[in-house]
Amino acid sequence: MYILAIETSCDETSVAVVKDGVEVLSNIVATQIEEHRLYGGVVPEIASRRHCESIEAVTREAIEVAKISLSEIEAIAVTHTPGLIGALLVGVNFAKGLAMSLDVPIIPTHHIRSHIAANYIAYPDLKPPFLCLVISGGHTNIIEVLDYTEYKIIGSTRDDAVGEAYDKAGRAMGYQYPAGVEIDKNAQLGDKTAYKLPRPKVDGSEFDMSFSGLKTAVLNLIHNSTQKGVEVNKTDLSASFQATICDILKDRVFKVLEKTGYTKLAVAGGVSANSGIRAMLEQECDNRGVQLFIPPLCYCGDNAAMVGAQAYHEFKQGNIADLTLNAVASTPVE
Ligand code: KG4
Ligand code: ZN
């Protein structure tokens, strides 16, 4: 089954053609990062405008690269939730128009479900049930993937997502948006024991996480040092920050694995590109006999191939929308 998939939930306009949920024939990603960098973060209004401007060309390119004709497309998949509402609306409305003109069904797809499905592309043998650590700019969850469209959240952040903490702490350190990748690069050169940062626990919930206290600790440390005229070593602070995030994730993920007995762990979302988190999970999973699945870097960030992968399973479950489909800013993955 040939699915044309559309992703416009944040600052990447992406269109892909995916066959049977696993074979990626094309996956075009037009990123807007350079423009948002000028403002230190994603400006929703600009994101919507850029999606409008580029979606048609990106779609044409996806069709061309896939070497397929539009008449062979059997369904249009689109991220309809969660995300920036104006950005989502561009994808949803484009999908509706295309589906109507081709007379094919629309498959509404949840962005976080799609991030999880990136693993099916990279590891075609991976099948639910398994445990998944979702770490993105807007979400941080430990999720039981019971089936392709059935999920149970076991642990979540109570405040900031990991990617958000990276970006905000990184901005205070003077890195450009998106600062996560800059912290990651510098962390590899620094001393992770140089700064002591908090590893907050959530009262009454051993699997939940909190990252806003850690972010604030970085902000306060920089502020206090500046006031005293002491220079902060950005490289060491990056290494200390990354090591703290790794410790928090390690503690929660392996507690959940022990409690639930899963022997397969997948990772999903933009932050799964992080070298420190990848190395920590590889080592810990190896030590404990847990099979680890992490998408290659090209499927970690936002892309439409993962939407096509998830949409295949949504379609099989009968999840089809009509032309009343709307975008929704926030919807739980369950
Ligand atoms: O999944 P994603 O592309 O968008 C959302 O669905 O939110 O994730 C984007 C997030 C940003 O916060 C970005 O800073 C972070 O992923 N990110 C990283 C790295 N690469 C991207 N964070 C830490 N280390 C990285 N190497
Ligand atoms: Zn995402």
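Further up the page is the structure itself.
This write-up is about the structure you can find in this document.

## Some points on the coordination of the zinc ion (ligand 2)
Around the zinc ion (ligand 2), the protein contributes the donor atoms His111 (NE2), His115 (NE2) and Asp302 (OD), at 2.0 to 2.1 Å from the metal centre. Of note, the zinc ion (ligand 2) draws all its donor residues from one chain, in the sequence arrangement H-x3-H-x186-D. In this pair, His111 sits in helix α4 (residues 111-122) while Asp302 sits in the loop between β10 (291-293) and α10 (305-316), placing the two residues 191 residues apart along the sequence. You can call Asp302 buried: its relative accessible area is 15%.

## Side note on the layout of surface pockets
Volume-wise, the largest pocket comes out at about 1,200 Å³. Along the walls of the largest pocket sit 41 residues, with Ser136, Gly137, Gly138, Asp167 and Tyr177 positioned nearest its centre. Going through the elements one at a time, α4, α5 (162-173) and α6 (179-187) are the ones with two or more residues in the lining of the largest pocket. Take the lining of the largest pocket: its biggest share by element is six residues, from α5.

## Concerning the packing of aromatic side chains
Enumeration over the complete set of coordinates arrives at four aromatic pairs. The interplanar angle of 75 degrees and the centroid separation of 6.2 Å between the aromatic rings of Tyr120 and Phe130 together place this pair among those described as edge-to-face. Of this pair, Tyr120 sits in helix α4 while Phe130 sits in strand β6 (residues 130-135), and the two are ten residues apart along the sequence. Here the two residues Tyr120 and Phe130 agree in accessibility, since each one is buried. Where Tyr166 meets Phe241, the ring centres are 5.1 Å apart and the plane angle is 85 degrees; that geometry is what we call edge-to-face. With a gap of 75 residues between them, Tyr166 in helix α5 and Phe241 in helix α8 (residues 234-260) connect regions that are remote in the sequence.

What counts as what
Residues numbered from 1 in each chain as written. Chains lettered and ligands numbered in written order. Predicted model: local features only at pLDDT ≥ 70, side-chain atom pairs only at ≥ 80, totals over all residues. Heavy atoms only, no water. Donors = N, O, S within 2.8 Å, 3.2 Å for Na, K, Ca; no water. Helix = DSSP H or I, 4+ residues; strand = E, 2+ residues; numbered from the N terminus. Buried < 20%, exposed > 50% of the residue type's maximum accessible area, 1.4 Å probe, protein only. 1 Å grid on protein atoms, 1.4 Å probe; cavity = no way out; pocket = protein on both sides within 12 Å on 5 of 7 lines; lining within 4 Å. Points joined across faces, edges and corners; volume = space filled by probe spheres on them. Phe/Tyr/Trp six-rings, centres within 6.5 Å; stacked < 30°, edge-to-face > 60°.

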